[in-house]
Amino acid sequence: MSELVLRDAALADIPAILAMLAEETIPPGRETDASDPRYLAAFEAIDADPNQRLIAAELDGRVVGTMQLSFLPGLSFIGSWRGLIEAVRIAADLRGQKLGEHMILWAVEQCRARDCKLVQLTSSAARTDAHRFYARLGFVQSHVGMKLHLRD
C-alpha cells in the first residue's frame, strides 16, 4: 500500500469529505448536497483561522480520510492550549487498515508541536467500536459530554 499523505484540505476535497461524513452520521442524513453554500462558508472560515485545520488524508491521489483539528487557548492548566480532534472519518472500504491510527497519531503530534497540554476528542455514545479504538491509542474516557442543539 502507498503512503498515507495528511495535508490541509483544499476546496476541491469538500465533496469527498462530505461523502465520508455522510456515510456514518448520527443522526443519519445530516449532510446535504456539497454545493450548498454553507459548506463553502464553513470551509473558508476554517481555512482563514490559524487555530483550525481541516485535514484530508490522501492515498494514491484519493481522499480517503478526514478530520478537523482545533487549537484552543484556555486559562486552566496555567494558560495551556488544548488540541481538539473532531469529525474523524475513513472511507468505508478502507477501514481496518490502520489508516485511522496513523491519522490520530499524526494529529497528536501536530498538537504536541503546537505545545498543547492535552488532546481531547468527542465521539458519539453509540460508537462503541470508536471508543475502543481511541482507548487503544491512549485516550481515557474522563468526562461526560453534552450538547444543546440551537437550530435544525
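Rules of the game
- Residues numbered from 1 in each chain as written.
- Predicted model: local features only at pLDDT ≥ 70, side-chain atom pairs only at ≥ 80, totals over all residues.
- Heavy atoms only, no water.
- Disulfide = S-S within 2.5 Å.
- Buried < 20%, exposed > 50% of the residue type's maximum accessible area, 1.4 Å probe, protein only.
- Phe/Tyr/Trp six-rings, centres within 6.5 Å; stacked < 30°, edge-to-face > 60°.
- Lys NZ or Arg CZ within 6 Å of the ring centre and 35° of its normal.
- Pairing = 2+ DSSP bridges.
- Helix = DSSP H or I, 4+ residues; strand = E, 2+ residues; numbered from the N terminus.
- Axes fitted to C-alpha atoms, helices over the stretch in contact; angles between N-to-C directions.

J.: Any chance you could explain the state of the cysteines here in plain terms?
T.: In protein structure, a disulfide is the covalent linkage between the sulfur atoms of two cysteines. This model, assessed by the stated rule, comprises 0 disulfides. You can see Cys111 has no disulfide; the closest cysteine sulfur is in Cys116, sitting 4.6 Å from it. We classify Cys111 as buried; its relative accessible area is 1%. Take Cys116: its relative accessible area is 13%, and that puts it in the buried class.

J.: What is the right way to read the packing of aromatic side chains from this model?
T.: Aromatic rings considered in pairs are described by the distance between their centres and by the relative angle of their planes. Within the structure shown, the criterion is met by 2 aromatic pairs. On the numbers, 6.0 Å between centres and 70 degrees between planes, the contact of Tyr134 with Phe139 is edge-to-face. Exposure class is identical for Tyr134 and Phe139. Each is buried. One aromatic cluster is present, formed by Phe133, Tyr134 and Phe139 through successive ring pairs. The ring of Phe71 carries the charged tip of Arg114 above its face, separated from the ring centre by 4.1 Å. Looking at Arg114, its charged tip hangs above the ring of Trp81, at a distance of 5.6 Å from the centre.

J.: How do you make sense of the sheet that holds strand β5 (residues 116-121) when you look at a structure like this?
T.: The strands that make up a sheet pair up through hydrogen bonds in the backbone, lying either parallel or antiparallel. If you trace the 5 strands from one edge of the open sheet to the other, you get β1-β2-β3-β4-β5, paired in mixed fashion. Across the chains shown, the open sheet's two edge strands, defined by having one partner strand only, are β1 (5-8) and β5. Across the sheet, the mean angle separating the axes of adjacent strands is 25 degrees when strand polarity is ignored. Two strands pair when backbone bridges link them, and strand β2 (residues 52-59) and strand β3 (residues 62-73) are joined in this way by 8 bridges, in the antiparallel orientation. Bridge pairing in β3 links Ile55 to Met67.

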